[in-house]
Amino acid sequence: MEKPREWLREKSIAKKVLTESNIVLEVVDSRIPLLTRNSVVESLARERNKSLIVVLNKADLVPKEFLDKAISEIEKDFPVVVFSAHKNIGVKNLLEKIKDLSKDKPIVKVGVLGYPNVGKSSVINTLKKKKVATTSPKPGMTVGEKLVKLDENIYLIDTPGIITLEFQEDLALKGSYIPDKLQNPADVAVKLIEKIIQNRKEALEESYKIKVSQDPLETLELIGKKLNYKVSGGEVDYDRTAKKILWDWIKGHIKAYWL
């Protein structure tokens, strides 16, 4: 498989940031914490013997019992901090861990890495208590690295999302790809719906006020009818419905989660 130029560029950024960093914060989405662990970031951190902390961001979107399971699994490899930029959860804990790892070092750089749209910029803004990094529900808004002073001797490095060698459809399921750019958004939405039905089908019922079918395609159609998304002739507009569902997933409007 030929490696795409975008992947090579982003791996190059990851290598550069990891080389410069003393500490690495790998930000993951608490709703799908194992799915958004980034193999590129973790393998490069191990190769360079860097201290890595997994930041379970968006923790306000999942229950504590689920977080406990995720922590138990991830802590087999790396220390974990439960975090919510939206609710200011875990800020003190993360700052303490960073400062503890920064002892006796004149200058410390902390690389903040992970998939697009896991909330890296939001984590930086929350730690800084000031909007210094661009945030957006649209994946891929951060362009290039940015240095942010956190303390007298601690600097955070904001980075673009780091992707691995994956298909666009798989990235979209992680909320890391813009739905409007997908060639077949309905296929991706059906996969997402199937996963949600397997793990927490009530999330779809809560979001769209429908009775979920066990058939993902039928559920997509039910949502389209509920939203009144139709093409000429009265048929459901599957692509428009799919994009709406995928955007709702990215924005955290669908309260589903799984390991």
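Residues numbered from 1 in each chain as written. Predicted model: local features only at pLDDT ≥ 70, side-chain atom pairs only at ≥ 80, totals over all residues. Heavy atoms only, no water.

## Thoughts on the nonpolar core
Here's step 1: Ranked by size, the top nonpolar core spans 53 residues in total, and within it Leu 25, Leu 94, Leu 127, Leu 204 and Ile 254 carry the most contacts.
Here's step 2: Apart from the residues within four sequence positions on either side, Leu 127 is in contact with Leu 25, Phe 83, Val 91, Leu 94, Leu 95, Ile 98, Leu 150 and Leu 156.
Here's step 3: Counting residues in hydrophobic clusters, the runner-up holds 26 residues, among them Leu 52, Phe 66, Phe 78 and Val 80. (Core = buried A, V, L, I, M, F, W, Y, C linked by side-chain atoms within 4.5 Å. Buried < 20%, exposed > 50% of the residue type's maximum accessible area, 1.4 Å probe, protein only. Contact = heavy atoms within 4.5 Å.)

## Overview of the confidence of the model for the chain
Here's step 1: Predicted confidence across the chain gives a mean pLDDT of 90, with 90% of residues reaching 70 or more.
Here's step 2: Segment residues 139-143: pLDDT under 50, and 17 contacts once partners within four positions in sequence are set aside and those in other chains are kept. (pLDDT = per-residue confidence, 0-100.)

## Things to note about the packing of helix H4 (residues 91-101) against helix H5 (residues 120-128)
Here's step 1: Following both chains from N to C, one finds H4 and H5 inclined at 85 degrees, their axes separated by 10 Å at the closest point. It follows that H4 is roughly perpendicular to H5 by the angle criterion. Across the interface between the two elements, Val 91, Leu 94, Leu 95 and Ile 98 from H4 touch Val 123, Thr 126 and Leu 127 from H5.
Here's step 2: Each residue belonging to the contact of H4 with H5 can be placed in one class, and the counts come to six nonpolar, one polar and no charged. (Axes fitted to C-alpha atoms, helices over the stretch in contact; angles between N-to-C directions. Helix = DSSP H or I, 4+ residues; strand = E, 2+ residues; numbered from the N terminus. Parallel < 35°, antiparallel > 145°, perpendicular 65-115°, else oblique. Nonpolar A, V, L, I, M, F, W, Y, C, P; charged D, E, K, R; others polar.)

## Topic: the packing of aromatic side chains
Here's step 1: One pass over the structure, following the stated rule, counts two aromatic pairs.
Here's step 2: Their ring planes at 50 degrees and their centres at 5.0 Å tell us that Phe 66 and Tyr 257 sit as a pair that is tilted. Residue Phe 66 is found in helix H3 (residues 64-74), and its partner Tyr 257 is found in the segment after helix H10 (238-250); the two are separated by 191 residues along the sequence. Tyr 257 shares its class with Phe 66; the two are buried.
Here's step 3: Relative to Trp 258, the ring of Trp 249 lies with its centre 5.4 Å away and its plane at 0 degrees, an arrangement referred to as stacked. Just as Trp 249 is buried, Trp 258 falls in that class too.
Here's step 4: Above the ring of Trp 249, the side-chain terminus of Arg 31 is found at 4.1 Å from the ring centroid. (Phe/Tyr/Trp six-rings, centres within 6.5 Å; stacked < 30°, edge-to-face > 60°. Lys NZ or Arg CZ within 6 Å of the ring centre and 35° of its normal.)

## What to know about unusual backbone geometry
The phi torsion of most residues other than glycine is negative, and most of the peptide bonds are trans.
Here's step 1: A positive phi angle, close to 55 degrees, is found at Asn 49, a residue other than glycine.
Here's step 2: Along the polypeptide, Asn 49 turns up in the loop between helix H2 (39-47) and strand E2 (51-57).
Here's step 3: Its relative accessible area of 71% is what places Asn 49 among the exposed residues.
Here's step 4: A positive phi angle is found at Lys 129, which is not glycine, with a value near 60 degrees.
Here's step 5: As for its position among the elements, Lys 129 is in the loop between H5 and strand E5 (146-149).

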